[in-house]
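Per-entry structural report
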Amino acid sequence: MRKNKYCLEVYELANIKSAKKRILVIETKTLRNKMVKSRVKTLVKKVDAAVAAADKNAATAALKNAVVAIDKAAAKGIFHKNTAARKVSRLAKAVNKLA
């Protein structure tokens, strides 16, 4: 079964087969969403670190990776499109100030 203790408790409460399946599917999607969000946060931190170090080349490279990850997350529905646009805009603005 699953490792998440809460999921097991809720799974045991459900009586209907489709409800049990939804619980398992939701847990899988939740783990995927957490993984993607964590990756985006890591990439954003790399951009921020490069900006703080005033390294234009590293910041530009990190920005490119971060934008790709943010856009993928928005395409999958993990981030709202406006949230993704806001994040990209703020990162680009910070990198462009280095010039």
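Residues numbered from 1 in each chain as written. Predicted model: local features only at pLDDT ≥ 70, side-chain atom pairs only at ≥ 80, totals over all residues. Heavy atoms only, no water.

Quick look at the nonpolar core now. Judged by nonpolar contacts, the single largest core of 18 residues is most densely connected at Val 40, Val 47, Ala 66, Ile 70, Ala 73, Leu 91 and Val 95. Counting only elements with at least two residues in this core, the list comes to α2 (17-52), α3 (56-75) and α4 (81-96). When residues in this core are grouped by element, the largest group, seven residues, is from α3. Among residues more than four places away in sequence, those in contact with Val 40 are Ala 69, Ile 70 and Phe 79. Among the nonpolar cores identified, the runner-up in size contains five residues, and Cys 7, Tyr 11, Ala 14 and Leu 24 belong to it. (Core = buried A, V, L, I, M, F, W, Y, C linked by side-chain atoms within 4.5 Å. Buried < 20%, exposed > 50% of the residue type's maximum accessible area, 1.4 Å probe, protein only. Helix = DSSP H or I, 4+ residues; strand = E, 2+ residues; numbered from the N terminus. Contact = heavy atoms within 4.5 Å.)

α4 packs onto α2 with a crossing angle of 20° between their chain directions and a minimal axis gap of 10 Å. With respect to α4, the element α2 is oriented roughly parallel. Considering how the two elements wind past one another, α2 and α4 form a crossing that is left-handed. In this structure, α2 contributes Val 44, Val 47, Asp 48 and Val 51 to the contact, and α4 contributes Leu 91, Ala 94 and Val 95. Its residues assigned to classes, the contact of α2 with α4 shows six nonpolar, no polar and one charged. (Axes fitted to C-alpha atoms, helices over the stretch in contact; angles between N-to-C directions. Parallel < 35°, antiparallel > 145°, perpendicular 65-115°, else oblique. Left-handed = near helix turned anticlockwise from the far one by under 90°. Nonpolar A, V, L, I, M, F, W, Y, C, P; charged D, E, K, R; others polar.)

Another aspect to go through is α3. Helix length check: α3, at 20 residues, gives a terminal C-alpha distance of 28 Å against a target of 28 Å (1.5 Å per residue), a fit within 8%. All of the buried residues along α3 are Ala 59, Ala 62, Leu 63, Ala 66, Ala 69, Ile 70 and Ala 73. Looking straight down α3, one finds that the buried residues subtend no more than 140° of arc, so they occupy a single side. Exposed side chains of α3 directed beyond 90 degrees from the buried face belong to Asn 57, Lys 64, Lys 72 and Ala 75. In the segment just after α3, Gly 77 is the residue with positive phi, at about 90°. (Expected span 1.5 Å × (residues − 1). Arc of directions from axis to C-beta.)

The next thing to look at is the packing of α2 against α3. In the contact formed by α2 and α3, the axes pass within 8 Å of each other and the chain directions differ by 160°. With respect to α3, the axis of α2 lies roughly antiparallel. The two elements α2 and α3 cross, and the hand of that crossing is left-handed. Facing Val 36, Val 40, Leu 43, Val 44, Lys 46, Val 47, Ala 50 and Val 51 of α2, the residues of α3 in contact are Ala 58, Ala 59, Ala 62, Leu 63, Asn 65, Ala 66, Ala 69, Ile 70 and Ala 73. Classifying every residue of the contact of α2 with α3 by side-chain character gives 15 nonpolar, one polar and one charged.

Taking 1.5 Å as the rise per residue, α2 with 36 residues should run 52 Å; its terminal C-alpha atoms sit 53 Å apart, in good agreement. Considered for burial, the residues of α2 that qualify are Ile 23, Leu 24, Glu 27, Val 36, Val 40, Leu 43, Val 47 and Ala 50. Downstream of α2 by one or two residues, Ala 54 has phi in the positive range, about 60°.

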